[in-house]
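Here's the letter readout for the chains.
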Amino acid sequence: MPEKRRRFGKIRKLPSGRYQASFVGPSGERQTAPDTFRLRTEAARWLSLVEADLARGTWVDDKLGRETFGNYARGWLRDNANIGPKWRQTCTRNLRLHLAPLEDVPLRGMTPLVVREWHAAALRGTGGRTSIAQSYRFMRAVMNGAVREGAVPRNPCQIPGAGSDRAKERPVASPAEVAELVNAITPRYRAAVLLAAWCGLRRGELVGLRVEDVDLVAGTVRVRRNRVELDGGEAFDAATKTDAGKRTVAMPPHLLPFLREHVADWAGKDRLFVGRTGSPMRGNAVSKAFGRARARVGMEHFTFHDMRHTGQTLAAATGATLKDLMKRMGHASTVAAYRYMHAVDGRDAEIASALSDIAAHGSSAKLPRTIVAK
């Protein structure tokens with residue numbers, strides 16, 4: 001005798017004589033139909049449709065779908081343990097400044113058209129492209145959560161490239177310009193400029209360094225943490241953004257005399273960079289000192305982060321491979337490191353010229369019989 005198929009959901013007759021349909025959803029909570037039904041067969045038909053949607057993965061939680069984007073986004077930020085404090089603060093600010101037009105839109109009303117119109121209006125507004133791209137990435141992550149929890153069937157954030165911040169080409173300082181900046185800046189900050197320009201350390205990584213992280217014998221600097229500074233003035237040491245961020249970087253030998261001087265004259269008992277009072281140096285203090293120095297040498301267009309870009313570009317120019325750059329830079333993926341590979345593009349012309357030299361020498365050129373792949 002064939003096994004009897006288990007009925008999906010539950011139907012009960014109300015005192016009014018109408019029928020109520022309900023079922024246990026993917027979250028384990030009982031879900032009730034938004035309306036009651038005149039006939040039992042109508043309630044059963046509704047349950048059949050829900051069961052089919054669940055099987056296809058297209059079912060949506062009607063109650064959750066009515067939740068506004070703003071409330072859901074704030075709850076998502078509150079409950080997501082994988083978000084760092086700096087990014088959480090950035091998202092909260094962008095929700096208030098840039099995503100305000102979507103605050104009261106129900107999750108089920110967040111359609112691709114609504115998102116596209118918001119994005120177009122945001123680009124026409126006064127907001128910077130970086131903050132708009134950040135807002136879009138935040139919205140996309142929130143809506144991914146809404147999809148997983150059954151509020152909407154698919155993510156409406158479908159604009160190609162909207163979440164990427166394609167900044168204009170960053171300037172690169174020459175070694176002579178780096179030297180000018182080092183000479184122009186207050187001595188307390190010279191080591192920070194040199195480590196950014198020649199070792200590619202981020203500002204937060206620099207002010208997070210301890211004295212023990214610098215090995216003046218081996219000529220290395222060890223990055224283990226990142227100094228986080230929030231808008232309200234709170235500052236604390238945190239883990240690097242990724243495991244790849246924890247790294248040991250070899251310092252060019254010409255940096256060592258400067259680092260020895262810094263450790264002797266400017267470092268704290270524990271921290272490599274401290275302020276005048278001996279407290280941990282703030283990244284903003286480094287930026288302000290750098291701003292004064294660049295004005296003195298006529299490099300107003302240059303930012304402190306451009307020093308990191310300079311360091312990686314110079315490393316690429318030496319012939320560093322993509323993996324070399326990823327390790328030195330602390331990148332977890334190849335995407336960011338590829339930005340610096342353009343520095344060696346011009347070497348192809350040098351190779352072509354060298355090939356012509358071989359051809360010009362003709363028979364006098366001694367060519368190897370085999371080429372060993374390395």
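See above for the structure.
Residues numbered from 1 in each chain as written. Predicted model: local features only at pLDDT ≥ 70, side-chain atom pairs only at ≥ 80, totals over all residues. Heavy atoms only, no water.

## Some words on helix H13 (residues 322-329)
Three- or four-residue spacings in an α-helix give side chains the same orientation, since the helix completes a turn every 3.6 residues.
Then, number 1: Of the residues making up H13, those classed as buried are Leu322, Leu325, Met326, Arg328 and Met329.
Then, number 2: Just downstream of H13 lies Gly330, where phi reads positive at about 85 degrees. (Buried < 20%, exposed > 50% of the residue type's maximum accessible area, 1.4 Å probe, protein only. Helix = DSSP H or I, 4+ residues; strand = E, 2+ residues; numbered from the N terminus.)

## Some points on empty space enclosed by the protein
Then, number 1: In the structure shown here, the tally under the stated rule is 1 cavity of 30 Å³ or more.
Then, number 2: Elements with a contribution of two residues or more to the lining of the largest cavity: helix H8 (190-199) and helix H10 (256-265).
Then, number 3: The element best represented in the lining of the largest cavity is H10, accounting for 3 residues. (1 Å grid on protein atoms, 1.4 Å probe; cavity = no way out; pocket = protein on both sides within 12 Å on 5 of 7 lines; lining within 4 Å. Points joined across faces, edges and corners; volume = space filled by probe spheres on them.)

## Concerning the sheet that holds strand S4 (residues 214-215)
Then, number 1: Strand order in the open sheet formed by 3 strands is S4-S5-S8, with antiparallel pairing between adjacent strands. One side of each edge strand has no neighbouring strand; the edge strands of this open sheet are S4 and strand S8 (247-250).
Then, number 2: Looking at chain direction, S4 and strand S5 (residues 220-223) are connected through 2 bridges and run antiparallel. Considered in S5, the bridge of Asp215 is made with Thr220. (Pairing = 2+ DSSP bridges.)

## Digging into the packing of helix H3 (residues 69-79) against helix H6 (residues 129-148)
Then, number 1: At their nearest, the axes of H3 and H6 sit 10 Å apart, and the two run at 90 degrees to each other. With respect to H6, the element H3 is oriented roughly perpendicular. Each of Phe69, Tyr72, Ala73, Trp76 and Leu77 in H3 lies in contact with H6, whose residues at this interface are Phe138, Met139, Ala141, Val142, Met143, Gly145, Ala146 and Arg148.
Then, number 2: Of the residues belonging to the contact of H3 with H6, the class tally is 11 nonpolar, 1 polar and 1 charged. (Axes fitted to C-alpha atoms, helices over the stretch in contact; angles between N-to-C directions. Parallel < 35°, antiparallel > 145°, perpendicular 65-115°, else oblique. Contact = heavy atoms within 4.5 Å. Nonpolar A, V, L, I, M, F, W, Y, C, P; charged D, E, K, R; others polar.)

## Comments concerning the layout of surface pockets
Then, number 1: Volume-wise, the second largest pocket comes out at about 670 Å³.
Then, number 2: Gln31, Trp59, Val60, Asp61 and Asp62 are, among the 30 residues lining the second largest pocket, the residues nearest its centre.
Then, number 3: In terms of residues, the lining of the second largest pocket owes the most to one element, helix H1 (residues 40-56), which gives 5 residues.
Then, number 4: By residue class, the composition of the lining of the second largest pocket is 14 nonpolar, 7 polar and 9 charged.

## Here's the deal with the environment of Leu181
Then, number 1: Mapping Leu181 onto the fold places it in helix H7 (residues 175-184).
Then, number 2: When its relative accessible area of 1% is taken as the criterion, Leu181 is described as buried.
Then, number 3: Leu181 has contacts with Phe290, Ala293, Arg294, Val297, Met299, Phe302 and Met307, leaving out every residue within four places of it along the chain.

## A look at helix H4 (residues 85-97)
Then, number 1: With 13 residues, H4 should cover 18 Å at 1.5 Å per step; its first-to-last C-alpha distance of 18 Å lies within 8% of that length.
Then, number 2: Where H4 is concerned, the buried positions are Thr90, Cys91, Asn94 and Leu95. The buried side chains of H4 occupy one side of the element, clustering within an arc of 135 degrees when seen end-on.
Then, number 3: Lining the buried residues of H4 we find H3 and H6. (Expected span 1.5 Å × (residues − 1). Arc of directions from axis to C-beta.)

## So, the side chain of Glu229
Then, number 1: The residue Glu229 is located in strand S6 (residues 225-229) in this model.
Then, number 2: For Glu229, a relative accessible area of 13% translates into the label buried.
Then, number 3: Separated by 2.6 Å, the side chain of Glu229 and the backbone nitrogen of Gly283 make a polar contact.
Then, number 4: For Glu229, the contacting residues outside a window of four places in its chain are Lys86, Glu234, Ala235, Met281, Arg282, Gly283 and Asn284. (Polar contact = N/O pair within 3.5 Å; in protein donor to acceptor, adjacent residues only side chain to side chain.)

## Overview of the pairing of S8
Then, number 1: Judged by which residues are buried, S8 turns out to be one-sided: Arg247 and Val249 face inward and are buried, whereas Thr248 and Ala250, on the alternate face, are not.
Then, number 2: For S5 and S8, the ladder comprises 4 bridges, and the chain directions are antiparallel. The residue bridging Val221 from the neighbouring strand is Val249, located in S8.

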